Amino acid sequence: MATWGLIVAVTMVLRYVINVIEYFQVKAEADRMSQELGYDYNTASQSTLIWTFLGIAIGLLVCYFLYRFSTFTKKGLDNNDQADFDTGILNLRNYFLTVAIVLIVLIAIVVIVLTLFGAGPI
Amino acid sequence: MMEEKSSIFNLTLDAESTSIIRTSVSWARILSISGYILAGVLMMLGIVTKIVFSSYDRPGYGYNDRTVSDSLSMGGTFALVVYIIVSVVLAASSTFLLRFANKATAALKTNSISALNGALANVRAHLSIWAVVMIIVLLMMVLGILSVIL
C-alpha cells in the first residue's frame, strides 16, 4: 500500500515537471509567433499561466499527502511506532479530503459549463 | 462494543487512531460518491460530444467535403472512447474506495482485524490503479516529447 502511494506521488511529480517544461516550450513558441504576426496574446497567456500553476500546486499538495502517508505508515509498521502509523493514516485522510474537494469543484464547473453552453450546438 | 485498545499488525488501535480512521472513512465515502458522479458526467459528456460531432455529417447541414465530416465523426468516436476509458477508471477506483469505507466501518464496529486488513487492501487497490494510470500518462508524455525532438 505504502509503495503504491509512493509510486503515485513520484509519477505525479514527474508529470508536473514535464507539464512545466511543456508550458515554457509552448510559451516560447507563442512569443515567437506573436512577434512575427504582431498579435498580442498577453491576457490569454496570463490566464493559462494561472490555471496551469494552480493545477500543479493542488497536484503537488496531493503528492505531499501521499508521500507522507507512504513514508509514515511504512515507518510505523516497520518500527511498531504508533505515532508514525497515526500520522500516516492522518495524511491518507488529508489526501481523501483534498481530492474530494477538487472533484466536487470539478463536477460543479462541468455542470455549470454544460448548463450555460451545453446542448446549444445540437 | 469497541474495546479501548485492539491490535492491528503489531500496533494498537487507540481512541485517537479510531477517530482518524473514522474521519478517513467519511472522506473516502464522499470521494467515492463524487468519483461516481464525475464518471457519470464524463460518460454523458462523451456521448454528447459524439452526437455533436456526428451531427455535422447530416445531409444539408454538414460539410460538403466528405473528408472534413469524416474526420469530425472519427474525432467524436475517439473522444467517446477516451471519455469511456476515463469514466471506467474513475468508477473502478471509486468502487475500491467505497469498499474501503464499508469494510473499515464494519471493522471499527465489530473490532475485526481481518476486516480492517481487507479495508486497507482496498486502499492499496485504489492506489495501484492510479499508479498504473500515472505511469501510462507519463510514458505517453515522454513519447510525445521524443516524437517532437526526433
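Going by the structure above, here's the rest.
Residues numbered from 1 in each chain as written. Chains lettered and ligands numbered in written order. Predicted model: local features only at pLDDT ≥ 70, side-chain atom pairs only at ≥ 80, totals over all residues. Heavy atoms only, no water.

Caption draft 1: Quick look at the overall build of chain A. A count of helices and strands for chain A gives three helices and zero strands. Listing the helices and strands of chain A from first to last along the sequence gives α-α-α. Going through the 122 residues of chain A one by one, you find that 32% of them count as buried. In chain A, the proportion of contacts linking residues at least 24 apart, taken out of those at least 6 apart, comes to 62%. (Helix = DSSP H or I, 4+ residues; strand = E, 2+ residues; numbered from the N terminus. Buried < 20%, exposed > 50% of the residue type's maximum accessible area, 1.4 Å probe, protein only. Contact = heavy atoms within 4.5 Å.)

Caption draft 2: Up close: the nonpolar core. Grouped together as the largest cluster of nonpolar side chains are 42 residues, with contacts concentrated most on A:Met12, A:Leu66, A:Tyr95, A:Phe96 and B:Phe100. For this core, the leading source of residues is helix H1 (residues 15-55) of chain B, giving nine residues. Not counting residues within four places of it along the chain, the set of residues in contact with B:Phe100 comprises A:Phe96, B:Ser24, B:Val25, B:Ala28, B:Ala119, B:Leu120, B:Asn122 and B:Val123. (Core = buried A, V, L, I, M, F, W, Y, C linked by side-chain atoms within 4.5 Å.)

Caption draft 3: Representation of the layout of surface pockets. Roughly 1600 Å³ of internal volume is contained in the largest pocket. Looking at the largest pocket, it is lined by 43 residues, and the ones nearest its centre are A:Arg15, A:Leu103, A:Leu106, B:Val86 and B:Trp130. Contributing elements (two or more residues each) for the lining of the largest pocket: helix H1 (2-37), helix H2 (42-79) and helix H3 (82-117) of chain A together with H1, helix H2 (66-110) and helix H3 (113-149) of chain B. Ranked by residue count, the leading element in the lining of the largest pocket is H2(B), at ten residues. Broken down by class, the residue content of the lining of the largest pocket amounts to 34 nonpolar, eight polar and one charged. (1 Å grid on protein atoms, 1.4 Å probe; cavity = no way out; pocket = protein on both sides within 12 Å on 5 of 7 lines; lining within 4 Å. Points joined across faces, edges and corners; volume = space filled by probe spheres on them. Nonpolar A, V, L, I, M, F, W, Y, C, P; charged D, E, K, R; others polar.)

Caption draft 4: Highlighting the interface of chain B and chain A. Across the contact, 43 residues belong to chain B and 38 residues belong to chain A. Buried surface at the junction of chain B and chain A, summed over both partners, amounts to about 3700 Å²; 84% is from carbon and sulfur atoms. Remark: the boundary between chain B and chain A carries zero salt bridges. Viewed at the interface, chain A and chain B are joined by one residue pair in polar contact (both at pLDDT 80 or more). It is H1(B) that contributes the most residues to the side of chain B that touches chain A, 19 residues altogether. Its residues assigned to classes, the side of chain B that touches chain A shows 31 nonpolar, nine polar and three charged. (Buried area = accessible area lost by both parts, 1.4 Å probe. Salt bridge = Lys/Arg side-chain N within 4 Å of Asp/Glu carboxyl O. Polar contact = N/O pair within 3.5 Å; in protein donor to acceptor, adjacent residues only side chain to side chain.)

Caption draft 5: Region of the structure containing empty space enclosed by the protein. Applying the stated rule across the entire model yields two cavities of 30 Å³ or more. Considered as a void within the structure, the largest cavity measures approximately 70 Å³ in volume. Along its surface, the largest cavity is lined by ten residues, and A:Ile89, B:Ile21, B:Phe100, B:Leu116 and B:Leu120 are the ones closest to its centre. Those elements giving two or more residues to the lining of the largest cavity turn out to be H3 of chain A together with H1, H2 and H3 of chain B. No other element matches H3(A), which puts three residues into the lining of the largest cavity. By residue class, the composition of the lining of the largest cavity is nine nonpolar, one polar and no charged.

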